[in-house]
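Close look at the chain arrangement
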Amino acid sequence: MKSRTISRRTKDGLEAARARGRKGGRPKAASGKIETALKMYDSKLHTISEITAATGISRATLYRAIEERKSNKVNK
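The structure displayed is predicted, hence computed values, not measured ones. (Residues numbered from 1 in each chain as written. Predicted model: local features only at pLDDT ≥ 70, side-chain atom pairs only at ≥ 80, totals over all residues. Heavy atoms only, no water.)

1. Considering unusual backbone geometry
Excluding glycine, residues mostly carry a negative phi; peptide bonds, for their part, are mostly trans. Condition: To qualify as a helix, a DSSP run of H or I must reach at least 4 residues; to qualify as a strand, a run of E must reach at least 2; elements of each kind are numbered from the N terminus.
With a phi angle near 60°, K44 is a residue other than glycine that sits in the positive phi range. As for its placement among the helices and strands, K44 is situated in the loop between α2 (31–43) and α3 (48–55).

2. Some thoughts on the pattern of salt bridges
To keep it simple, the criterion reads: What counts as a salt bridge is simple: a side-chain nitrogen of Lys or Arg found within 4 Å of a carboxyl oxygen of Asp or Glu. The buried label applies to any residue whose accessible area, calculated with a 1.4 Å probe on protein chains only, is under 20% of its type's maximum; exposed applies above 50%, and partly exposed to all values in between.
As enumerated under the stated definition, the model contains two salt bridges in all. Residue D42 pairs with R69 through a salt bridge whose shortest N-O separation is 2.8 Å. With D42 in helix α2 and R69 in helix α4 (residues 59–75), this pair connects stretches of sequence that are 27 residues apart. Overall, the relative accessible area of 42% leaves D42 in the partly exposed class. A residue is classified by how much of its surface remains accessible, and R69, at 24% relative accessible area, is partly exposed. The closest approach of N and O atoms between E67 and K70, which form a salt bridge, is 3.7 Å.

3. Looking at the confidence of the model for the chain
What counts is decided by this rule: Confidence per residue, as judged by the predictor, is encoded in pLDDT with a range of 0 to 100.
Predicted confidence across the chain gives a mean pLDDT of 90, with 99% of residues reaching 70 or more. α3 holds the highest mean pLDDT among the elements of the chain, 96, whereas α4 holds the lowest, 89.

4. Digging into the packing of aromatic side chains
Applicable threshold: Only Phe, Tyr and Trp rings are paired, with Trp represented by its six-membered ring, and only when their centres lie within 6.5 Å; those with planes under 30 degrees apart are stacked, over 60 edge-to-face, the remainder tilted. Lysine and arginine charges are scored as sitting over a ring when NZ or CZ, respectively, is within 6 Å of the ring centre and within 35 degrees of the ring normal.
Throughout the structure, instances matching the rule amount to zero aromatic pairs. The lysine or arginine in question, K44, covers the ring of Y41, its NZ or CZ lying 5.5 Å from the ring centre.

Shown next, in the form of structure tokens:
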């Protein structure tokens, strides 16, 4: 009984937030930073540590972008 009430109130709250223009979830990394990081990576003049320090993105984000780019090239 209580769990149904909590669930309903949560759903109502999320719906009200969406009506006010709010979105949920974690924000995505800035695409400009990722593009800069990929250019630095492609130049082969910078280490991964230097790239992440200069752009402010994580190693995981950089490696994910590299893998996504590889898979996009393969699919084309």
